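Structural description and commentary
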Amino acid sequence: MSEQGSFLTRLGKMDRRFMYVVILIAVSIPLLRPLALPLSVSPETRLFYDYVQSLPSGASVGLTFDCQPGALPELYPQMLAILQHLKARQTRMICVAFFAEGAMIAHNALTDVFGPPNSHPNYGKTFVNLGFIAGGETGMAAFAKSVKGAAPQDYYGNPTAKMEVLSGVDTAKDFALIIEFAYGTPGIPEIMRQMQSPYQVKIAAAATALIATQIMPYLKSGQMVGMLTGLRGAAEYENLIGKPGEAVAGMDAQSVAHVAIILAILVGNVGYYSERRKQKRSM
Amino acid sequence: MSMFGKRTLPFAITFVFGFFMVIDFFFSTPASAIASNVNTSFVVVANFAVITAVGTVTLMHIRRIQKKQEWYNSLALLVVLYLTIAIGWSSPSDPTYLWWFNNLFVPLETTVFCLLAFYISSASYRVFRARSKEAALLLVSAVLVMWGRAPISAVISEGFAAIADWMMAVPNTAGMRGIVIGIGIGVISIGIRTLLGIERGYLGGKVE
Amino acid sequence: MLRSGAGSSFVFLTIFCVILVAVVLLVRRGVFTPKIRRVSQLDAIAELVGRATEMGKPIHFMPGSGGLTGGDIAPQTIAGLSILGYTSELCAKYGSKMFVTIRVAETQALARDIVQQAYLAAGKPDAFDPNQIIYVAPTSQSYTAGVLGLMNREKIAANIMVGAIWAESIMFAEEAATLGAMQLGGTAHTHQLPFMLACCDYSLIGEELFAAGAYVSKDPVQLAAVVGQDMCKLVAIALIIIGVLATIMGSPSLLNLLKW
């Protein structure tokens, strides 16, 4: 009995490196051998998809790449899925970044969807990468006030004044939708203050799971039209557009990792209660 | 430096520019163009601070190299720092810079961010103990949301995803809204205190 | 001319300003003495510094990883810098070593000045070492990697993270916990609050961070502003109750008023 008690107590005091090995194994196995688990679509993702699906051909959609490379495992699959959907809907895509790294990330995403952007025949006609606009929230305000004023040149140095993709797009209210790839600050609260509230433009968020709890109130109040949350949101979107990719493949690993963490929490509590019982008996 | 330079002048600058920007936010006036330029000047000042910061970092690591305190790490940092500046000097869309960004910067940043998964797992194991009723409630809600958000839960029942969605949409949103409203009022308060010179901690030194 | 959609915000901002200024003026004239509840987290700073002194190990302080631009970032950074001043003075008095890590360049000069002033105020100007204020890196992950390395090399006894903090909070908190450090965390970023509450010994939630500067200074005028802030919250609560009742009765009048 004392041996069993001692074992149970030790369960509550495992070295954290053991946890790291458990997580490593939990994530690796499904990547090597997929489980093909079913994936339902959450209401927020459905709202996002339905809104994009309702956009008419030629509608101007702003995409703000406000993230650093750290967020790419979650946001990059979202970016690719959304760009593919917008391409299929034949909308105009105006990409901009308020994080310095966002401009390069936008270039990479456009390259993966269209091929090298600057030499694409439709670059400047149906899509553009305006590059990085400095200033954070101030930059957002400047962009919302005058798109071409804030970005007189695109990421590749081409002048934007006479670009076909920007014709009729002067301020934020000329966008049919602005999609924010949100990771930190500036992010959704700043876009709400500088674009949604003054110009009443429709906003949708493609965010990391970390900040989803923070921005959920904006969706519930109707200030956003849809939201993708983390890798799961990307996987759901990939399924909705009929192009399962990296995100769907990663969901099995995420599922097993969640299960591993839940089991670790339960094991930890078993150890904790065993320790408490031992202390009560010794008193 | 006299009290005028240490206290009075900073307060005066803070009040004038702060008041001007607040008025410009609510009213469109002929001075709106000035407000736009003022904003831009703040951004320029902030970005010039990066130059002094790079200088400080350089001096600090040169000292480390001279004292032979893990000099190899400091040397690597300085080489990569100045190489990145040199490569990206011409244009951020330069193919060499993009190669450098995609093959050095992105993998390193992504790797460090992915450490989050390991830290969260060890933190969850260590912290989620049902020590009290509140801790037990936290534990149960965390487990329900984690389980509901994992696709594997749908194999047992679709209801778990619905429970997780409800918990995110109702109690989480309600709690977040309350905290956000309080924070918003706190932000206004500290803004007014700073504008009026009541809040002085950021200037350092004792309060008179 | 009033901008479209800004009317109601301007009216409520004016009401809040009037309340705050009125309370401050009443306190200045001695009509009443402001009292706020004990904030045990801020009282614990002395405990953290004392513990580090006894153990002979340094303290790590980060005044958030935000700068001084941005609507909700700057107030958090200002609050973090206020606490830095207080903590620096305690460190100077007790003779503890403290590392201040900075992520945003413009905060470094301010932080250095604040710490130097604190050592001067404590009567130990020679003990100030400018190398203790370290600008690490501007991006989140580079900063995180640098600080984790510093924590492990220096074997910190206490970790104080107050200000605008993002995903790095859980990593710092967990690493410091592994080193056996005592921790105080505080931020207004709601997505990081759960990690801080779970991992730190003491946490400042949201507006407690903004009251910190007033609380540690014990200045009646600053405390008056905090009392005024709480009165503004009563106005917000009243609006919520009126709004809920109006919505239940099917009246959109308050909603339309707020859209003005």
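Residues numbered from 1 in each chain as written. Chains lettered and ligands numbered in written order. Predicted model: local features only at pLDDT ≥ 70, side-chain atom pairs only at ≥ 80, totals over all residues.

Scanning chain B for helices and strands turns up 7 helices and 0 strands. Mapped from its N terminus to its C terminus, chain B presents α and β elements in the order α-α-α-α-α-α-α. Over its C-alpha atoms chain B spans a radius of gyration of 26 Å, topping by over 25% the 17 Å that the globule rule assigns to 208 residues. Oriented by its inertia axes, the alpha-carbon framework of chain B measures out at about 70 × 50 × 40 Å. For chain B, the proportion of its 208 residues judged to be buried stands at 27%. When contacts within chain B are restricted to residue pairs at least 6 apart in sequence, long-range pairs at least 24 apart make up 18% of them. (Helix = DSSP H or I, 4+ residues; strand = E, 2+ residues; numbered from the N terminus. Rg over C-alpha atoms; globule rule 2.2 N^0.38 Å. Buried ≥ 20, exposed ≤ 12 C-beta atoms within 10 Å, placed from the backbone. Contact = placed C-beta atoms within 7 Å.)

What the domain assignment reports for chain A is domain 1 (2-17 + 25-35 + 250-282) and domain 2 (43-244). The distance between the C-alpha centroids of domain 1 of chain A and domain 2 of chain A comes to 41 Å. (Domains from an automatic or database assignment.)

Turning to the interface of chain C and chain A, a few remarks are in order. At the junction of the two partners, chain C supplies 16 residues and chain A supplies 17 residues. Looking at the side of chain C that touches chain A residue by residue, the class counts come to 3 nonpolar, 11 polar and 2 charged. (Nonpolar A, V, L, I, M, F, W, Y, C, P; charged D, E, K, R; others polar.)

This part covers the pairing of strand β4 (residues 177-182) of chain A. All names here are of chain A. Most of β4 is tucked away, with 6 of its 6 residues classed as buried. The side-chain alternation of β4 yields two buried faces, one formed by Leu-177, Ile-179 and Phe-181 and the other by Ile-178, Glu-180 and Ala-182. Looking at chain direction, strand β1 (residues 60-66) and β4 are connected through 6 bridges and run parallel. Residue Asp-66 lies in a different strand from β4, and its bridge partner there is Ala-182. Summarising the sheet, β4 and strand β5 (residues 203-207) pair through 5 bridges and their orientation is parallel. Each residue of the ladder has a partner; that of Phe-181, found in β5, is Ala-206. (Pairing = 2+ DSSP bridges.)

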